[in-house]
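Chains, contacts and geometry: an overview
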Amino acid sequence: MVASMGWQWRKKKNIPGGLWTKCPGCGAMLQRKKVDETFGVCTECQFHFKIGARQRIASLIDDGTFAEIATDLETKDPLGFGGYSDTLERSRKKSGVDEAAVAGHGKLDGIPVGIAALDFNFVGGSMGVVVGTRVMLAAELALERRIPLVVVSTSGGARMQEGALSLMQMAKTSAAIARLGEAGLPYVSVLADPCTGGVIASYAALGDVILAEPHALVGYAGPRVIQTTIGAQLPEGFQKAEFLLDHGFVDRIVPRPQMKAEIATCLRYFSARDDRRRRLEGLELAATAVAKPPQPD
Ligand SMILES: [Zn+2]
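Because the structure is a prediction, the values reported are computed rather than measured. (Residues numbered from 1 in each chain as written. Predicted model: local features only at pLDDT ≥ 70, side-chain atom pairs only at ≥ 80, totals over all residues.)

1. Some points on the overall build of the protein chain
Spelled out, the test is: Put simply, DSSP marks the helices as runs of H or I at least four residues long and the strands as runs of E at least two long, and each gets a number from the N terminus on. Here the globule rule is a power law, 2.2 Å times the number of residues to the power 0.38, and the radius of gyration is based on C-alpha atoms. Burial is judged by counting other C-beta atoms within 10 Å of a residue's own C-beta: 20 or more means buried, 12 or fewer means exposed, and anything between counts as partly exposed, with every C-beta placed from the backbone. Note on contacts: residues are paired as contacts if their backbone-placed C-beta atoms lie within 7 Å.
The secondary structure content of the protein chain amounts to ten helices and ten strands. At 21 Å, the protein chain has a C-alpha radius of gyration in line with the 19 Å of a compact globule built from 297 residues. By principal-axis analysis of the C-alpha atoms, the protein chain measures approximately 80 × 45 × 45 Å. Relative to its full complement of 297 residues, the protein chain shows a buried share of 40%. A fraction of 68% describes how many contacts in the protein chain between residues 6 or more apart in sequence connect residues 24 or more apart.

Here's what the structure looks like:
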């Protein structure tokens, strides 16, 4: 369920409005315009601000190549959850997106990819029916076009206002990723701060390659919840990307300015590997044909 720990964190560390903003990492006063230009990375200390889904896609996808899909999906209030429609309205105004995920396809350093990005400003990036469906449709598009999939996740977890329907998105997205895997298509999962709950417990943890931004909080329940439950002190840096890299959960930590190049390198590696395999299979077929010439009747 959507983690309550996300809210305080968000209030403190989001890029605030106005011309200037104070970096939570080093305290420097930064020009808001400059921070936008660097896709939310402090020029003084490299602190990574939270950024929206559209800004995220702009940071990864080549200019003018992004085409959005699944724009006609509408968020429903299946439980009649008190205040949910107001929360949605507020989130739309604040984030500038209509839901916590944007999906589509475009070129990443010239490579065609399916892509989805989550937006923490929209109800804590929580995964309800629309988010799950957009991630699934991005995966299905990748499958149909036989291109790789890239998903950038930042989320407090499943969306509690949609109850069990939001939990079903975990299975739905995971199944879509499994189909990509069966087809031999690569999936790169990028984890941004924070990535928790039902999202990290499903598709976000299933990447063929899992990349994380520096210092991102990644885990199922937040550290405060775990500490209270088990009544013990957690190790230093527990659930931070660096801790998870040391424990084999994350493949690499990549600062945001290098993320696009890093993903492109991964995808080119996979593509070269597949070419090699196809060539070898071709040679094998040819060798079999030579070894067993067609027999006369
Ligand atoms: Zn800074």
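2. Let's talk about the environment of S174
Mapped onto the secondary structure, S174 falls in helix α6 (residues 163-182). Look at S174 and you get partly exposed, because 18 C-beta atoms sit within 10 Å. Along the primary structure S174 and A204 are separated by 30 residues, whereas in three dimensions their C-alpha atoms are 8.7 Å apart. Leaving out residues up to four positions away in the same chain, S174 has contacts with S202, Y203 and L206.

3. A closer look at the confidence of the model for the protein chain
Worth spelling out the cut-off: As a per-residue measure, pLDDT reflects the predictor's confidence and takes values from 0 up to 100.
Taken as a whole, the protein chain shows an average pLDDT of 92; of its residues, 94% reach a score of 70 or greater. Low pLDDT, under 50, characterises residues 1-12; the stretch is placed with 28 contacts to residues that sit more than four places away or in other chains.

4. Details of unusual backbone geometry
Following D193, the chain continues into P194 via a peptide bond in cis, with omega recorded as -15°. With respect to the element layout, P194 can be found in strand β7 (residues 187-196). A positive phi angle, near 65°, is found at Q46, a position not held by glycine. You can see Q46 is positioned in the loop between α2 (32-37) and α3 (53-60). Q46 gets classed as partly exposed once you count the C-beta atoms within 10 Å, which come to 16.

5. Some words on the packing of helix α5 (residues 129-145) against α6
Between two packed helices, what matters for the description is the angle formed by their axes and the separation of those axes. The test is simple: Fitted lines through C-alpha atoms serve as axes, helices being fitted only where they are in contact, and the angles separating the N-to-C directions of these axes extend from 0 to 180 degrees. For classification purposes, an angle smaller than 35 degrees is called roughly parallel, one larger than 145 roughly antiparallel, one from 65 to 115 roughly perpendicular, and anything else oblique. In this count, Pro and Cys sit with the nonpolar residues alongside Ala, Val, Leu, Ile, Met, Phe, Trp and Tyr, while Asp, Glu, Lys and Arg are called charged and the others, Gly among them, polar.
At their nearest, the axes of α5 and α6 sit 9 Å apart, and the two run at 10° to each other. In this view, α5 runs roughly parallel relative to α6, as classed from their interaxial angle. In this structure, α5 contributes V129, V131, G132, V135, M136, A139, E140, A142 and L143 to the contact, and α6 contributes L165, S166, Q169, K172, T173, A176, I177, R179 and L180. Across the contact of α5 with α6, the residue classes break down as eleven nonpolar, four polar and three charged.

6. Section: the pairing of strand β4 (residues 101-108)
The test is simple: Strand pairing follows a simple DSSP-based rule, namely that at least 2 bridges must link the two strands.
Within β4, seven of the eight residues are buried, leaving the element largely enclosed by the surrounding structure. In the sheet, strand β3 (residues 67-69) pairs with β4 via three bridges, with the strands oriented antiparallel. Within β4, the position partnered with A67 by the bridge is H105. Bridge analysis of β4 against strand β5 (residues 111-118) gives eight bridges, and the strand direction is antiparallel. Within β5, the position partnered with L108 by the bridge is I111. Connecting the antiparallel pair β4 and β5 is a turn made up of two residues, with D109 showing a positive phi of about 50°.

7. With respect to helix α8 (residues 223-230)
Among the eight residues that make up α8, zero are buried, leaving the element largely open to the surroundings. Following α8 by one or two positions, G231 adopts a phi angle in the positive range, close to 60°.

8. Things to note about the nonpolar core
To keep it simple, the criterion reads: Each nonpolar core comprises buried Ala, Val, Leu, Ile, Met, Phe, Trp, Tyr and Cys residues, the members being joined through C-beta atoms within 7 Å.
Membership of the largest hydrophobic core comes to 62 residues, with the highest contact counts inside it found for A101, V135, A138, L149, V150 and L191. A total of nine residues in this core trace back to one element, the largest contributor, which is α5. Leave out the neighbours within four places in its chain, and A101 touches A53, A116, A117, L118, V131, R134 and V135.

9. Section: α5
Three or four residues apart is the spacing at which side chains of an α-helix point the same way, because the helix has 3.6 residues per turn. Basically, it comes down to this: Helix span, as expected, comes to 1.5 Å for every residue beyond the first.
The end-to-end C-alpha distance of α5 is 24 Å, a good match for the 24 Å that 17 residues give at a rise of 1.5 Å each. Every buried residue belonging to α5 is among V129, V130, V131, G132, R134, V135, M136, A138, A139, L141 and A142, and all of these are buried. On its buried face, α5 sits against β3, β4, β5, β6 (149-155) and α6. Following α5 by one or two positions, R146 adopts a phi angle in the positive range, close to 55°.

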